[in-house]
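Commentary on secondary and tertiary structure
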Amino acid sequence: MSHWKKKAEVAIIGGGIMGVSTAYHLAKRGLSDVVILEKDLLAQASTGLSVGGIRQQFSHPANIRLSQESVKVFERFQEEFGVDIRFCQVGYLFLAEKQGTWIEFLANVETQRSLGVPVETLSPQEISRRWPYLNVSDVKGGTFGPRDGYADPYQAAMGYANSARRLGVRIEEKTKVIGIKLKSGRVQGIETSNGPIFSPVVVNAAGPWAGEVARMAGLDLPVAPYRRQVFMTKPFAAIPRPVPMVIDQDMTFYFRGEDPGVLMGMSDPNEPSSFNLNVDRNFMEKVIEAAVHRAPVLGKAEILKGWAGLYEVTPDDNPIIGEVQELKGFFCAVGFSGHGFQQGPAVGLLLSQLILDDRTEFDIMPFAHDRFGKKGQEGERRVV
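Now for a description of the structure that goes with this document. Model, not experiment: these values are computed from the prediction.

It is worth spelling out the side chain of Glu38 at this point. Note on placement: Glu38 falls in the loop between strand E2 (34-37) and helix H2 (46-49). Of the side chains with opposite charge, Lys39 lies nearest to the buried Glu38, which makes no salt bridge, at 5.1 Å. Those residues in contact with Glu38 that sit more than four places away from it in its chain are Gly14, Gly15, Gly16, Glu172, Glu173, Lys174 and Thr175.

This part takes up the packing of aromatic side chains. The full count for this structure, using the stated rule, is 14 aromatic pairs. Relative to Phe77, the ring of Phe74 lies with its centre 6.5 Å away and its plane at 25°, an arrangement referred to as stacked. The pair formed by Phe74 and Phe77 is uniform in burial state, with each residue classed as buried. Between Trp131 and Phe144 the ring centres are 5.2 Å apart and the planes differ by 50°, which places this aromatic pair in the tilted class. Here Trp131, found in the loop between helix H6 (124-130) and strand E6 (141-145), pairs with Phe144, found in strand E6; they are 13 residues apart in sequence, far enough to count as distant. Each member of the pair Trp131 and Phe144 is classed as buried. Three or more aromatic residues joined by ring pairs form one cluster here, namely Tyr24, Phe74, Phe77, Phe81, Phe87, Tyr160 and Phe341. Over the aromatic face of Phe144 sits the side chain of Arg130, whose NZ or CZ is 5.3 Å from the ring centroid. Here Arg228 stacks its cationic end above the ring of Tyr311, 4.6 Å away from the centre of that ring.

What follows covers helix H1 (residues 17-28). With twelve residues, H1 should cover 16 Å at 1.5 Å per step; its first-to-last C-alpha distance of 16 Å lies within 8% of that length. With eleven of twelve residues buried, H1 lies mostly within the body of the structure. Considered for burial, the residues of H1 that qualify are Ile17, Met18, Gly19, Val20, Ser21, Thr22, Ala23, Tyr24, His25, Leu26 and Ala27. Of the residues flanking the end of H1, it is Gly30, one or two places downstream, whose phi is positive at about 105°.

Here we come to the packing of helix H3 (residues 61-75) against helix H10 (residues 340-357). Packed helices, taken two at a time, are described by the angle between their axes plus the distance between the axes. Axis separation between H3 and H10 bottoms out at 7 Å; the angle between their running directions is 95°. One way to sum up the angle between H3 and H10 is to call them roughly perpendicular. Listed contacts from H10 to Asn63, Leu66, Ser67, Glu69, Ser70, Val73 and Phe74 of H3 are Phe341, Gln342, Gln343, Gly344, Pro345, Ala346, Val347 and Leu350.

The next point concerns the environment of Leu49. Relative to the elements of secondary structure, Leu49 occurs in helix H2. Classification of Leu49 by relative accessible area gives partly exposed; the value is 25%. Counting along the chain gives 20 residues from Leu49 to Glu69, while the straight-line C-alpha distance between them is 23 Å. Here Leu49 is in contact with Gln44, Trp307, Ala308 and Gly309, once residues within four sequence places are set aside.

In this section: the sheet that holds strand E19 (residues 330-334). The six strands are arranged E8-E2-E1-E12-E19-E18 in an open sheet whose pairing can be described as mixed. Two strands lie at the open edges of the sheet, namely strand E8 (170-172) and strand E18 (320-323), each paired on one side alone. Geometrically, the sheet is characterised by an average inter-axis angle of 20° between neighbouring strands, direction not taken into account. The sheet contact formed by strand E1 (residues 10-13) and strand E12 (residues 202-204) spans three bridges and is parallel. Along E12, the bridge assignment pairs Ala11 with Val202. Against the sheet, H1 contacts E1, E2 and E19, and its axis sits at roughly 175° relative to E2. The strands that H10 touches are E1, E12, E18 and E19; relative to E19, the one it contacts most, it runs at about 170°.

About the criteria used
- Residues numbered from 1 in each chain as written.
- Predicted model: local features only at pLDDT ≥ 70, side-chain atom pairs only at ≥ 80, totals over all residues.
- Heavy atoms only, no water.
- Helix = DSSP H or I, 4+ residues; strand = E, 2+ residues; numbered from the N terminus.
- Buried < 20%, exposed > 50% of the residue type's maximum accessible area, 1.4 Å probe, protein only.
- Lys, Arg positive; Asp, Glu negative; His and termini not counted.
- Salt bridge = Lys/Arg side-chain N within 4 Å of Asp/Glu carboxyl O.
- Contact = heavy atoms within 4.5 Å.
- Phe/Tyr/Trp six-rings, centres within 6.5 Å; stacked < 30°, edge-to-face > 60°.
- Lys NZ or Arg CZ within 6 Å of the ring centre and 35° of its normal.
- Expected span 1.5 Å × (residues − 1).
- Axes fitted to C-alpha atoms, helices over the stretch in contact; angles between N-to-C directions.
- Parallel < 35°, antiparallel > 145°, perpendicular 65-115°, else oblique.
- Pairing = 2+ DSSP bridges.

These results come straight from atomic positions and should not be treated as a statement about function.
Here it is in structure tokens:
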């Protein structure tokens, strides 16, 4: 371990999109004495296992702002980072079955449009005309965002990581954080499986393990891991391309094209928190049932493979971003409840601004760590 450096200006725990984006933005501003600690390999956990969705159709204005800023980055990613992340802006089509959900959608659209998000409201008849393979017999209506889509999460994370390295950031893979050093209400550094690092700033970007990292610092952050299973079909040409990301909000089911097949998944509201990454064949049958209901032609598709990733979920489905006031120097970018990849570019920039300038370019108070239990705190409603 002769290369091991025991000091850094900023130590970042977690090598997913949040960690590498934050490191890149710090180094871009001139603070290159940054180290990323990743217990496995970069972007192998939640980031690499996500479905890569990118959308602006959120219910909470602060989430809309995060995604708006991130979309701008994804649209010019190859120009800035020299990496083709295959950003396919095929659109997101949200479907509402329940009348109450449709009323919420219409209110969401007003908020989205007030912030400049391009979004359409569609009747069942219009949905059927544009996407005739969908069953809309039980649908009240839908919303469509044409600039939404998906990209390759792993390539995006590696684009940030490689650019950060070129700017001087150290990346230590296969290095587990086993403790956080504290003194008089301030962070002093971290203990790792390869040795200590003394640092006045520690960033918790540990994704599903964020709660465990926080406990090392004596903090109780309400962030818990939940399994999400995804399935891919064999080559399937019966649905005309391009296929938007179709989300049935009330069934919490989604599917999109992933050439040459179709990718699909669904939330299981009865599954407890865990780090389980096994694929459940019984649950796969439920996903197939939902798929065939919403797009009957998918009954002819065959499943090629499945995998599981982890959401990092908070009680209100909004993330925790910023410094923990009772522990100076300890910053968080955690609890994104399935939206971390798509919001990573903006959050990395905002964290760099907080660390370097003690302010951000727009309000992130809705993401404060101490908001839970307070009256008037609104969570995110468009979660699957």
